[in-house]
Amino acid sequence: MALTTESQARRLMARLDALAAFTDDPPRLTRLCLSQSHRRAAEQFIAWAKESGIAARIDPVGNVRARYEGRRPGAPALMIGSHIDTVRDAGRYDGALGALAALSLAEGLAAQGRRLDVALEIVAFGDEEGVRFPYTLTGSRGLAGVNEPEALAQKDAGGVTMRDALKAFGGDPDHLGAARADGVAAFVELHIEQGPVLEAEGRPLGIVSAINGATRLSAVVTGSAGHAGASPMDLRRDALAAAAEMVLAIEARARAEDELVATVGRLDVEPGAVNVIPGRARFTIDIRAPLDEPRRRAVADIAAAMQAIARRRGVRLDELTPTHEAAGYVCHPAIVAGLAAAVVAVGADPRLLPSGAGHDTMVMGQRWPAGMLFVRCKGGVSHNPAESISADDCAIALAALTRFAEDFRAA
Ligand code: HGY
Ligand code: MN
Ligand code: MN
């Protein structure tokens, strides 16, 4: 039974709702990499693929992989996908839309008995958000063959190593190299914009020109815990007050430069009692910019500002450690052109725009020509349960992705 794009989009939207039920933190959607809920979501993805006769499996680094052969067995592959791990209290479209759209594209071809010039390699990456472990993008790094082995030793908040989590998930930490993909001609990712531009301009689709690079750091400020009532203000070494001044200095540095953004997303205070002056504050820093040099300058300036605040307040900046570094990626011109042609072919404007958010595409682009198709999201909201897209936009995005795959020719 041939599927129309509209019926495929309706099924895709329903699957996105179904996948959102796989969470470790109901009623919120939290599906951290290699968690129970990630495993169940991966199994559901594999079951959906199987319904269409498409064999899928979990690879050594925890991605779900499937292949829909081209006209000639062993033809070069167009790899399409996105991630199925989420942030905490997430929206249901970030990542999952692109992973399930890739499957839907192959299912549409299978339903019509069609084969393309290229094979389709479908991937649902397992670790794009980097919320459970400091080091991130391990799924796409595994495919691209650029995984750092030390990633396996890092621990989550509960002290579980990535190695043990991967083993329990069904990956194979001793054979990460086996996840490396070969025979790939290009990579394309459909993703929600996670920003307000397309909606503000009344456009359903956009083509990503470049993806901002990112640096993440973890900071530990140590002062001295003390009695909240008996300690005079001028004798205190309050770790939280110092951290708070640092947070505002980080924000001020980002505000001082166009297109630079910096975020402190998590802050934990010890010992955390109402009547104790905080002795220690741990927090994360996320710094992004379109170009790598301004980002690196901002990291250096922020480090210097934090040291100066620590000295003046008599506290110690015991740790300021980079935990993640991803260079910016300029999307491959041939992929950008192909996506623009596909967007025009489905009757939309070929609007190019940068991505402030990071994506697996920035890793895949280290090895293959890579690019991204954006779809409008309501209010530009993401990393928030209010994240949403319309079924119509889902349909036109799927149509454009399908058109891109149909017209794609391996170089
Ligand atoms: O943080 C990001 O940009 C992405 O959502 N992981
Ligand atoms: Mn994402
Ligand atoms: Mn995200």
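Note that the structure is a prediction, hence the values are computed from the model and not measured.

(A) Structural context of the nonpolar core. Among the nonpolar cores identified, the biggest contains 101 residues, and Leu78, Leu97, Leu120 and Leu205 are the most heavily contacted of them. Ranked by the residues each element gives to this core, the list is headed by helix H3 (residues 96-111), at 10 residues. Every residue in contact with Leu97, bar those within four places of it in the chain, is listed here: Leu12, Leu16, Leu190, Ile192, Val375, Ile389 and Cys394. The next biggest cluster of nonpolar side chains, apart from the first, holds 23 residues, and it includes Ala243, Met246, Leu260 and Ile285.

(B) View of the pairing of strand S6 (residues 205-211). A large share of S6 lies buried, amounting to five of its seven residues. Pairing of S6 with strand S15 (residues 352-355), which is carried by three bridges, proceeds in the parallel orientation. Across the sheet, residue Ile211 finds its bridge partner in S15, namely Ser355. Sheet topology note: the S6/strand S14 (residues 329-330) ladder contains two bridges and is antiparallel. Across the sheet, the residue bridging to Ile211 is Tyr329, located in S14.

(C) Examining the coordination of the manganese ion (ligand 3) more closely. Donor atoms from the polypeptide that bind the manganese ion (ligand 3) are Asp94 (OD), Glu129 (OE), Glu129 (OE) and His383 (NE2), placed at 2.1 to 2.8 Å. One chain supplies every donor to the manganese ion (ligand 3), and in sequence these donors are spaced D-x34-E-x253-H. Taken as an interatomic distance, the gap from the manganese ion (ligand 3) to the manganese ion (ligand 2) is 3.4 Å; Asp94 donates to each of them. Here Asp94 is found in the loop between strand S3 (77-83) and H3, whereas its partner Glu129 is found in the loop between strand S4 (119-125) and helix H4 (138-144), with 35 residues between them in sequence. Both residues of the pair, Asp94 and Glu129, belong to the buried class.

(D) Looking closely at the coordination of the manganese ion (ligand 2). Around the manganese ion (ligand 2), the protein supplies His83 (NE2), Asp94 (OD) and His191 (NE2) as donor atoms, at distances of 2.1 to 2.2 Å. Read in sequence order, the donor residues for the manganese ion (ligand 2) give the motif H-x10-D-x96-H.

(E) The site of ligand 1, seen in detail. The local shell around ligand 1 consists of Glu128, Glu129, Arg216, Arg288, Ala357, Gly358 and His383. Between a nitrogen atom of ligand 1 and a side-chain N or O atom of Glu129, the distance comes to 2.9 Å. Protein contacts shield 93% of the accessible area of ligand 1, which totals 220 Å² for the unbound molecule.

(F) Spotlight on helix H7 (residues 239-255). The end-to-end C-alpha separation of H7 is 24 Å, in line with the 24 Å expected for 17 residues at 1.5 Å each. Packed against the buried residues of H7 are strand S7 (213-222), strand S9 (261-263), strand S10 (267-270), strand S12 (280-289) and helix H8 (292-313). With a side-chain oxygen lying 2.9 Å from the backbone nitrogen of Leu240, the N-terminal cap of H7 falls on Asp238.

About the criteria used
- Residues numbered from 1 in each chain as written.
- Chains lettered and ligands numbered in written order.
- Predicted model: local features only at pLDDT ≥ 70, side-chain atom pairs only at ≥ 80, totals over all residues.
- Heavy atoms only, no water.
- Core = buried A, V, L, I, M, F, W, Y, C linked by side-chain atoms within 4.5 Å.
- Buried < 20%, exposed > 50% of the residue type's maximum accessible area, 1.4 Å probe, protein only.
- Helix = DSSP H or I, 4+ residues; strand = E, 2+ residues; numbered from the N terminus.
- Contact = heavy atoms within 4.5 Å.
- Pairing = 2+ DSSP bridges.
- Donors = N, O, S within 2.8 Å, 3.2 Å for Na, K, Ca; no water.
- Near = heavy atom within 4 Å.
- Polar contact = N/O pair within 3.5 Å; in protein donor to acceptor, adjacent residues only side chain to side chain.
- Areas by Shrake-Rupley, 256 points an atom, 1.4 Å probe, with all protein chains shown as cover.
- Expected span 1.5 Å × (residues − 1).

Treat this as a map of the structure, not an account of what it does.
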